[in-house]
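Chain residues, written in single-letter form:
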Amino acid sequence: MNLFRKSPWIIHYDGASCNGCDIEVLACLTPRYDVERLGIINTGNPKHADILLITGYINEQSQPVVRTIYEQMPDPKVVVAVGICASSGGIFRDCYNTKGGVDSTIPVDIYVPGCAARPESIIDGVVQALDLLERKRKEMKTRRRAIAPTPTSEVPTP
Ligand code: SF4
């Protein structure tokens, strides 16, 4: 059974947003959009998460936290940058404290446009993330098979 597609676990982190995109992420969990009915669960533990949703740009304080969350997530994983700030720094791009978008710190797989990003766009980004997650899982499986030792048919006698 494909558990990734049926029940992806998501972790949401606010890099340094104005909270506009965060409210839209939370709207996805409300009865109007109700992503939980699709099996999508919001977790607070990176070790349980398959998809990292990040809102806001990256600054000095959030950079080490974002790195730690990313490193603690098990492979395969997908990173979704939500909103224009997370994608490129947005209107904060030239501020003294801005490092840039999320890809200034960790690899980003999917960029969700908008200021703020609409719930429909965020859900669309997550659906794209599911396909990518499945592709990454298959690639990992193939790689593991390629490096696995070939089983010996005979046990050597002493
Ligand atoms: S993209 Fe717009 S709404 Fe989202 S964090 Fe940036 S300024 Fe706020």
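These numbers come from a predicted model, not from an experiment. (Residues numbered from 1 in each chain as written. Predicted model: local features only at pLDDT ≥ 70, side-chain atom pairs only at ≥ 80, totals over all residues.)

Peer 1: Where do I start with the sheet that holds strand β7 (residues 110–112) in this structure?
Peer 2: Across a sheet, strands are paired by hydrogen bonds formed along the backbone, either parallel or antiparallel in direction. If you trace the 5 strands from one edge of the open sheet to the other, you get β2-β1-β3-β5-β7, paired in parallel fashion. Two strands close off the open sheet at either side, each with one partner strand: β2 (41–42) and β7. Running over the sheet, helix α2 (residues 20–27) touches β1 (9–14), β3 (51–55) and β5 (78–82) and is turned about 140 degrees from β3. (Pairing = 2+ DSSP bridges. Helix = DSSP H or I, 4+ residues; strand = E, 2+ residues; numbered from the N terminus. Contact = placed C-beta atoms within 7 Å. Axes fitted to C-alpha atoms, helices over the stretch in contact; angles between N-to-C directions.)

Peer 1: I tried to follow the pairing of β1 on my own but got confused; where do I start?
Peer 2: Sheet topology note: the β1/β2 ladder contains 2 bridges and is parallel. Looking at β2, one finds that Ile10 is bridged to Asn42. With respect to chirality, the unit in which β1 leads through α2 into the neighbouring parallel β2 is right-handed. Note that β1 and β3 share 5 bridges and pair parallel. Residue pairing in the sheet places Ile10 in a bridge with Ile51 of β3. (Right-handed = clockwise from strand over helix to strand, strands pointing away.)

Peer 1: So what exactly am I meant to see when it comes to the pairing of β3 here?
Peer 2: In summary, the side chains of a regular strand alternate between the two faces of the sheet. For β3, the tally of buried residues reaches 5 of 5 residues, placing the bulk of the element in the interior. Where burial is concerned, the two faces of β3 agree: the one with Ile51, Leu53 and Thr55 and the one with Leu52 and Ile54 are both buried. The pairing of β3 with β5 spans 5 bridges and is parallel. Opposite Leu53, over in β5, you have Val80 as the bridge partner. (Buried ≥ 20, exposed ≤ 12 C-beta atoms within 10 Å, placed from the backbone.)

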